[in-house]
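The residues making up each chain are set out below.
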Amino acid sequence: MCKKALVSYGNTSLINDKIQKAKNGEEITVGYLGGSITYGYTVQPDECYASLSYNSFAEKFGTGDNVKYCNAGLSGTPSKLGILRMQRDLLYSDPDIVFVEFAVNDGSDFTYVEAYESIVRTLLEKDIAPVLLFSVTKDDYSAQDYMKKIGEYYDLPMISYCDALRYLFENGRLEWKDFSKDEAHPNPDGHKLIAKMI
């Protein structure tokens, strides 16, 4: 599952710099930008993949309370709105690493592509390490194909729980109902799986 989820390590120098800061005891912030999946719709705040993966990061690389958390997930927002609310909801916290998840909220026309790439470029220009996360719906919709191309162009770390779930479904290891109770939002076990992939 984890091998299928890992699309690319990308150029790890930027994220490794941030990890080293955390190990040195410097204050860093791990941020999350996305829609309702990132927000943790249908689960408790401490059950969402953002909180779970942040806790793992802080435990592994932090030296106490030097690793901070900012979850800028907001239900119903595609990257076209994400780029507009990024300053208000995320950048104010001065994040060092940001996980970006819009694959089920975005369409495929050029305005979505442009907005998504703008998010990536804004993060890089501010010396923030982006990690791209690709989700999927029950009907197998994901905008990850063009997002992967953007990630490849900028040589970024990319994680596709879309690819991992497809692999698990095809091999009879998991059914959608084990992952989610609706069309898109992971249940607590689903969020644990995503956090494990991260």
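Trainee: Can you explain the packing of aromatic side chains? Please cite residues and give values.
Mentor: Taken as a whole, this structure holds 10 aromatic pairs when the rule is applied. Plain terms: the ring middles of Tyr 116 and Tyr 146 are 6.3 Å apart, the flat faces sit at 90° to each other, and that makes the pair edge-to-face. You can see Tyr 116 sitting in helix H6 (residues 110-125) and its partner Tyr 146 sitting in helix H7 (residues 144-153), a full 30 residues away along the chain. Note on accessibility: Tyr 116 and Tyr 146 belong to one class, buried. Ring pairs connect the aromatic residues Tyr 32, Tyr 49, Tyr 54, Tyr 69 and Phe 99, which therefore count as one cluster. In this structure, Lys 80 packs its charged tip against the face of Tyr 112, placed 4.0 Å from the ring centre.

Trainee: So, the pairing of strand E2 (residues 28-34): which residues are in play, and what are the values?
Mentor: Counted residue by residue, E2 has 7 buried out of 7 residues, so it is predominantly covered. Taking every second residue as pointing to the same face, both faces of E2 are buried, with Ile 28, Val 30, Tyr 32 and Gly 34 on one and Thr 29, Gly 31 and Leu 33 on the other. Two strands pair when backbone bridges link them, and E2 and strand E3 (residues 67-73) are joined in this way by 7 bridges, in the parallel orientation. Each residue of the ladder has a partner; that of Gly 31, found in E3, is Cys 70. Sheet analysis places E2 next to strand E4 (residues 97-101), joined by 5 bridges and oriented parallel. Its bridge partner lying in E4, Val 30 is registered against Ile 97.

Rules of the game
Residues numbered from 1 in each chain as written. Predicted model: local features only at pLDDT ≥ 70, side-chain atom pairs only at ≥ 80, totals over all residues. Heavy atoms only, no water. Phe/Tyr/Trp six-rings, centres within 6.5 Å; stacked < 30°, edge-to-face > 60°. Helix = DSSP H or I, 4+ residues; strand = E, 2+ residues; numbered from the N terminus. Buried < 20%, exposed > 50% of the residue type's maximum accessible area, 1.4 Å probe, protein only. Lys NZ or Arg CZ within 6 Å of the ring centre and 35° of its normal. Pairing = 2+ DSSP bridges.

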